Amino acid sequence: MANKAQVEPAPESAPAATLREALEAALEALAGPELDRAAALDHLLRAWRASGRHPELAELVEALSDEALRAVDGIPEGLGNDDFHATWLARARTITPLELGALLPGMLRGPLGKAIRARFDRLVVHADDPRVLRTFGEMITEPPVMSQSNFPLWTQLFAAVEAHPDPRLVPVLWARLDRPPGRSQFWPLFYQRCLQTLRRGLGEAGLDSLTPPGELAGALGARIAELWAAAPAKATTHDSGPDEGARSRQRAARVELLFAAVHAEPERAEHRMVLADLLAAEGDPRGEFIQLQLTHARARAAGREPSPASLAREARLLAEHRDAWLGPLIEVLEEAVFSEGFLTRARAYFAAETQRGVLASPQWSTVRSLETDDLALLGDPRLRALERAGGFGGAALVGLICGQPGDAALARCATLGPVDLGADEPSEADRVRVREASGARLPALRQLWIAHVDRNTAPTPGGYAWLLDSALGRRLELLRISAHPWAQGGARGRASDGLLEGWVRALERWPALRRLELELRRWPMALVRGGGGAGPRRLEVTLSDPRTPQGRASKRELVEGLSRQLRPFLAHFDHVELRVPESSAGVLGGSREPALREALTALGCTTLRVQVGAEPGPFGPSMPAFPRWQARWREAEARQRFRRRLARSRRELAGEVRPRALARPAVPELGAAVLRHTALDAAEAAAEFVRPSYDCPGLAFTPPLANDVVLLAHLGGRVFAFDAQLRGRWLLEYAPNEWPSLSAMTIDARARLWLGTVDGAVAAWDLATGRELGWARFHAGAVSALATLEGAHGVVLVSVDEKGIVHAWPTGMGGAEFPASLLPGHSWNLRLAVSSLAVDPGTGVVFAATRSGELHRLSGLDRLGAASAALEHRRLPGQMWRNVVEVRCAPNGDHLLATTPRDVAGLWDPEAGYLGEVPQLRPGPLTWLDHERLLLLRHGRLCVHDTASGEGSEVARVSEQAAMVVALDRGRDLVATAGPTGVTLTSATGWELLASFLPEPN
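Residues numbered from 1 in each chain as written. Predicted model: local features only at pLDDT ≥ 70, side-chain atom pairs only at ≥ 80, totals over all residues. Heavy atoms only, no water.

**Observations regarding the sheet that holds strand E34 (residues 913-917)**
- Read across the sheet, 4 strands follow the order E31-E32-E33-E34 without closing on themselves; strand pairing throughout is antiparallel. Only two strands of the sheet have a single partner each, and these edge strands are strand E31 (886-889) and E34. Across this sheet, the average inter-strand angle for adjacent strands is 25 degrees, counted without regard to direction.
- In this sheet, E34 lies alongside strand E33 (residues 905-909) in antiparallel orientation, the contact comprising 4 bridges. When the sheet's bridge partners are listed, Trp908 is paired in E34 with Tyr914. (Pairing = 2+ DSSP bridges. Helix = DSSP H or I, 4+ residues; strand = E, 2+ residues; numbered from the N terminus. Axes fitted to C-alpha atoms, helices over the stretch in contact; angles between N-to-C directions.)

And the structure:
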């Protein structure tokens, strides 16, 4: 037909249109003589995302990136590890998408440790990039770190892979799952995350679901190949039109000039105001932040507090942009505080020689308070606003005092401290130099804080004569002394009265000293000289905040403590001033103030004044001696670590040491056996059993088996199997260690033996077939106890380690269904060492006894794995004030019995908690005969104790060689006892001895 209807093409989908437009833009950016590789790469990345992350486009992104990197300088390979890491992070802060590929080869350079976390945080923000996802795939193929502290890193990595599904990672994940894992606790969790990632959508990311790139991709590939054939050239950046570009450059130049004005005159607020207005007009959050801090500073100067909403906005802006605003300084700052929009307080330590490039940063010019042990930084002329310097030792102090005058920064510095004279203690020659120095290098210095970290140093006045008698010392107006309280008063931590009185009298030697602050005892003191300068006239005592341990004092303790501290030298003062923190203004309320007045008046104090919310001095508020010492000790330790790293960095740059390489210890695969089984005859059993041992922590009867093993004894880190005549049959040991390393044992109803080890592993052994079923390591410490219970989906194993970590393991039904890789289904952290576990067979509730006398209840484990499972952990009320070594649940489950090493038995209710000690019962190893009668083993005697009547009687005697643990088998009507060198079997009805295994020592 001539009039045939025209068939219109189907409309193009939105992703396809975006894909086509992005590919055309990328091809245009690479056409002509003016190449714009950065813009082309941006368009290619947009096309890759629009296509659903097609592998063909991912290869184009990587090809263009590699071509552009020919013109980019990489990180030098010859750098030491610390310098390489510092350079890597510095590059990562300002990296562009075009140069991102330069970072990826060094991402996994070791030794990693904490370094990989810092690098990963910089890289994960670029996760929606095929180059980064390929690096993540390499990490999955060969995990670079497996420690528990890096588990959050892997969680974040798999979350990024799931959020940006790249089809190229599907075979990577399957290949990893096909390989056998290692033996550490990392691997089961790691494999579980791999499976989850595949199931949550990445496994469905096939090529059929992606938008094909079409012919434009081929044209782009050909163009990139042409670029590879040509000589490398510097990449150019995308630019807008000439007018817009000129305006942008003018704005940037004006902002740069205003920043330079702030840095040149940091004391002038006008420059900051103009800069803040300009940045805020352009939408830069730094502008709003400067405005907020200037407003808050003016409000505080007028005696007003800023609104909570305004303070919250300031804190939010700082949290979001702090690292970007600090720039390269972030790598050396341990503390950074902003005021009026700029850095004003800092603590800086250098860990690598290459980090010293930040000394040229203009941001140092606004710093008013600086703690560092780097003398070059302290004397840098850029520190125009420096008012206080500290954080160094005695040798650095001597260098500052005796150096050549002329440093502009030190010329304005009025405060030094904290200075640790115990670190790099000055020699006698240095002390002579200080006495003879003119002090001209520190002309403005008037305040000094000496903080002793050494606990053995007593801060006596004579110990500072070399400093305070110098020209600089005679100018001091404020001196603070901080030290550990034990340094002056022995183990009781009470400073000697003579030391404090000595400082009171020593003030007469230094007439310029107006204020002496002593942080030597529970309550800091300040000795303040009167206006006439004749001697000390006022004593200030700062009461601790009652919310701190040092401030929790009753009224009587407060009065007695103050009286004891002030009595020796109250006669030297006209009045006493008690200073109270603003947060604890009520500490003297009610009846406390009259009591204090009466006590101090009785001591001879004529006047008492209470001041609330006193203004802190130049060093901040005073603190009690011990908390202050703790804070300074931690800072001194950190300073020493940085010094060691910097010294190593310098040696590496000088070629004196070789950089350390990452060493991965070889670990056995998960499929490898970890239990060593040894068959025994009678002679071998006797010889093995009498090997030196001091414990027998476990004894258990086996369920009915096809073989004749009826009893297992856990002795000296090994497990022995016996038949009904107590003939030794076989021995189990933990193969990876050369010494006996089994730490816990239990048997479930399916004839599976569960074993815990000293290095945190849990292994299973099938008693019926005599083979190992599997193992895993999820504990960081030795497994201290094991227990099993019947659950809705098979047996549930409960394990606990010496650190209080409890894992509940759903173990399946055994046999072929037994999991090759055990995974905990739920975990708790009791934060206390657990010594024993008990299971209520009726309810499936597990009770954990701690070595501090507590009992914890874990319920819902019998439903572990079910959707309706409601798991609960709670601590039962009450506590036994002794170490609990064993807990037993009564057969009917209505009460529990816990015992201690001191032969004390405590009765517990499963809901109400501790009921008290059981009268007339001094237990040893025990087990329940029924819900009222206990079977006890004491000094080789088996005794039956009736808990209802409190009466007991001896029923049998066993050898002292087998008197450490007892077990009962109600089905077989047998009682077993064991000790370090023997095992016995006794009838539970007639109480006659049936068999014994008591080998003679060799």
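Continuing now.
**With respect to the packing of helix H7 (residues 151-163) against helix H9 (residues 186-199)**
- Packing of H7 against H9 brings their axes to within 10 Å, and their N-to-C directions diverge by 15 degrees. Here H7 is positioned roughly parallel relative to H9, judged by the angle of their axes. Where H7 crosses over H9, the handedness of that crossing is right-handed. On H9, the residues that touch Phe151, Trp154, Thr155, Phe158, Ala159, Val161 and Glu162 of H7 are Phe186, Leu189, Phe190, Arg193, Cys194, Gln196 and Thr197.
- Split by residue class, the contact of H7 with H9 holds 9 nonpolar, 3 polar and 2 charged. (Parallel < 35°, antiparallel > 145°, perpendicular 65-115°, else oblique. Left-handed = near helix turned anticlockwise from the far one by under 90°. Contact = heavy atoms within 4.5 Å. Nonpolar A, V, L, I, M, F, W, Y, C, P; charged D, E, K, R; others polar.)

**Description of the nonpolar core**
- Counting residues in hydrophobic clusters, the biggest one holds 71 residues, and the most contacted among them are Leu333, Trp364 and Leu370.
- At 6 residues, the largest contribution of residues to this core is made by helix H16 (residues 394-402).
- Dropping the residues within four chain positions of it, Leu333 is found in contact with Leu326, Leu343, Ala346, Arg347, Ala348 and Trp364.
- Leu35, Trp88, Ile116 and Leu153 belong to the second-largest nonpolar core, a separate cluster that totals 67 residues. (Core = buried A, V, L, I, M, F, W, Y, C linked by side-chain atoms within 4.5 Å. Buried < 20%, exposed > 50% of the residue type's maximum accessible area, 1.4 Å probe, protein only.)

**So, the sheet that holds strand E20 (residues 752-757)**
- Reading across from one edge, E19-E20-E21-E22 is the order of the 4 strands in this open sheet, with antiparallel pairing throughout. Of all the strands in the sheet, just strand E19 (742-747) and strand E22 (771-777) have a single pairing partner and so form its edges. For this sheet the average axis-to-axis angle between neighbouring strands, irrespective of direction, equals 20 degrees.
- As paired elements, E19 and E20 share 5 bridges and run antiparallel to each other. Along E20, the bridge assignment pairs Met745 with Leu755.

**Things to note about the packing of aromatic side chains**
- Within the structure shown, the criterion is met by 11 aromatic pairs.
- A ring pair is formed by Phe289 and Phe338, whose centres lie 5.9 Å apart and whose planes are at 80 degrees; its orientation type is edge-to-face. One end of the pair, Phe289, is in helix H13 (residues 285-301); the other, Phe338, is in strand E1 (residues 333-339), and 49 residues separate them in sequence.
- Accessibility expressed as a relative area gives 8% for Phe338, which makes it buried.
- When the centroid spacing of 5.0 Å and the interplanar angle of 45 degrees are considered together, the rings of Trp908 and Tyr914 count as tilted.
- Put simply, the rings of Trp154, Phe158, Phe190 and Tyr191 touch in pairs and so form one group of aromatic residues.
- Here the guanidinium or amino end of Arg109 rests over the ring plane of Phe84, the centre of that ring lying 4.3 Å away.
- Directly above the aromatic system of Phe350 lies the positively charged group of Arg356, at a separation of 5.2 Å from the ring centroid. (Phe/Tyr/Trp six-rings, centres within 6.5 Å; stacked < 30°, edge-to-face > 60°. Lys NZ or Arg CZ within 6 Å of the ring centre and 35° of its normal.)

**Remarks on the pattern of salt bridges**
- Taken as a whole and assessed by the stated rule, the structure comprises 45 salt bridges.
- Of the charged contacts, one joins Glu635 and Arg347 as a salt bridge, the two residues approaching to 3.1 Å between their closest N and O atoms. Taken as a pair, Glu635 in helix H24 (residues 625-653) and Arg347 in strand E2 (residues 342-348) lie far apart in primary sequence, 288 residues in all. As far as burial versus exposure is concerned, Glu635 and Arg347 are alike and both buried.
- The salt bridge involving Arg888 is made with Glu886; its shortest N-O contact spans 2.7 Å.
- When its relative accessible area of 25% is taken as the criterion, Arg888 is described as partly exposed.
- Judged by relative accessible area, Glu886 falls into the buried class, the value being 16%.
- Taken together, the salt bridges that share partners define one network made up of Glu335, Arg345, Arg347, Glu371, Arg388 and Glu635. (Salt bridge = Lys/Arg side-chain N within 4 Å of Asp/Glu carboxyl O.)

**Structural notes on helix H10 (residues 215-229)**
- Spanning 15 residues, H10 covers 22 Å between terminal C-alpha atoms, matching the ideal 21 Å at 1.5 Å per step.
- For H10, every residue scored as buried is listed here: Ala217, Leu220, Ile224 and Leu227. Along the axis of H10, the buried positions cluster into a sector of 75 degrees, meaning they face one direction only. Among the exposed residues of H10, those pointing more than 90 degrees away from its buried face are Glu215 and Ala229. (Expected span 1.5 Å × (residues − 1). Arc of directions from axis to C-beta.)

Note that every value here comes from positions in space, so none of it alone points to a role or purpose.
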